[in-house]
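The primary structure of each chain is shown beneath.
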Amino acid sequence: MSDVSTIAICDYEGSSYRTEFWEGQGREFEDRAERIALRHLLPSTGRRLVEVGAGFGRLVDLYAHFEEVILLDYSRSMLQEARERLGPNPRIVYVAANSYQMPLSSSAVDTVVMVRVAHHLADIPQALRELARVLCAGGILVMEYANKRHLKAMVRYIIGRQRWSPFILDPYEFAPLNFDFHPTWMGQRLREAGFRIEKERAVSHLRSGLLKRWLPGKVLAQVDGWLQRPGAAVKLAPSVFVRARRPGSSTVLPEVYFRCPTCGIEPLAPGPAGILCPACRHLWPLREGIYDFKSPNGST
């Protein structure tokens, strides 16, 4: 298995992301605009979906047409918020894990969603390879990334208000573990990971504090929705959503779908205390309804 232990991880454990960034923070427009994009890109039906970096479950209502939903995040506290907010639901499985080495067996899901996560990933190629591994043949990836080459960045660079060039392909780290990506570069990485891009949407064209003070978020999001599809041709918005497919076809997903992130044994069935790997004897505990793969609860 690939060694991912040296890749830096952005950990939201114990943060107040839900209340400090979303709720009551004037981001109705961003939430509505992203939902418009997702409704156009998500498959109309599905057996099992995993949202990578699900946080407090902001988008889970969009997955009502899936039989099973896995909310995966590195932060246990964020997943606990999601459980408390969403209430009991046998369709939803909560997993605390590293997205570079997910505890899901190969071809475990038919849909992967990753929104507002890529900009925290220091190793996009490894992350995309892992997404491709857990996705069945013919499965769909819907992901979002922060666009380096958006209109405001280009204007600021041309008039000398910013040093870094939005036209250079390499990712730009504007703060520790916060990256912007050039669309051409991201497209290359998706194809290298074995994905075929089917659709794209440019999102949040109207992300402006001034506009949000003048107009309701609902109105701005409706206009942004009209711009998303034609805007994908030039990608001048700060956010890009992509729908990509893993080639092939598959009609059956495994009923048992956990995997040991330490030694790679799969599939593993959950027990009342969690998930025990018969090979390396690590027990990955079930704590307050969350499968905890951040660290094993010792060996047996």
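Report on the accompanying structure.

Here is what the cut-offs are and how they apply
- Residues numbered from 1 in each chain as written.
- Predicted model: local features only at pLDDT ≥ 70, side-chain atom pairs only at ≥ 80, totals over all residues.
- Heavy atoms only, no water.
- Phe/Tyr/Trp six-rings, centres within 6.5 Å; stacked < 30°, edge-to-face > 60°.
- Helix = DSSP H or I, 4+ residues; strand = E, 2+ residues; numbered from the N terminus.
- Buried < 20%, exposed > 50% of the residue type's maximum accessible area, 1.4 Å probe, protein only.
- Lys NZ or Arg CZ within 6 Å of the ring centre and 35° of its normal.
- Pairing = 2+ DSSP bridges.

1. Looking at the packing of aromatic side chains
Inspection of the entire model under this criterion finds twelve aromatic pairs. Consider the rings of Tyr-17 and Phe-21, whose centres lie 5.3 Å apart with planes at 15°: the pair is stacked. Of the two residues, Tyr-17 and Phe-21 are both situated in helix α1 (residues 17-22); the distance of four residues between them amounts to about one turn of the helix. On the accessibility criterion, Phe-21 (24% relative accessible area) is partly exposed. On the numbers, 6.3 Å between centres and 25° between planes, the contact of Phe-179 with Phe-181 is stacked. For Phe-179, a relative accessible area of 10% gives the class buried. According to the relative accessible area criterion, Phe-181 is buried, its value standing at 1%. Ring pairs connect the aromatic residues Tyr-12, Tyr-17, Phe-21, Trp-22 and Phe-56, which therefore count as one cluster. A cation over a ring is seen here: Arg-27 above Phe-21, with NZ or CZ 3.8 Å from the ring centre. Directly above the aromatic system of Trp-22 lies the positively charged group of Arg-58, at a separation of 3.9 Å from the ring centroid.

2. Brief notes about the pairing of strand β5 (residues 135-146)
By the criterion of burial, β5 is predominantly enclosed, with twelve of the twelve residues buried. As judged from the five bridges shared by strand β4 (residues 109-114) and β5, these two strands associate in the parallel manner. Across the sheet, residue Val-112 finds its bridge partner in β5, namely Leu-141. Of the pairings in the sheet, the one linking β5 to strand β9 (residues 239-245) comprises seven bridges and is antiparallel in character. Bridge pairing links Leu-141 to Ala-244 in β9.

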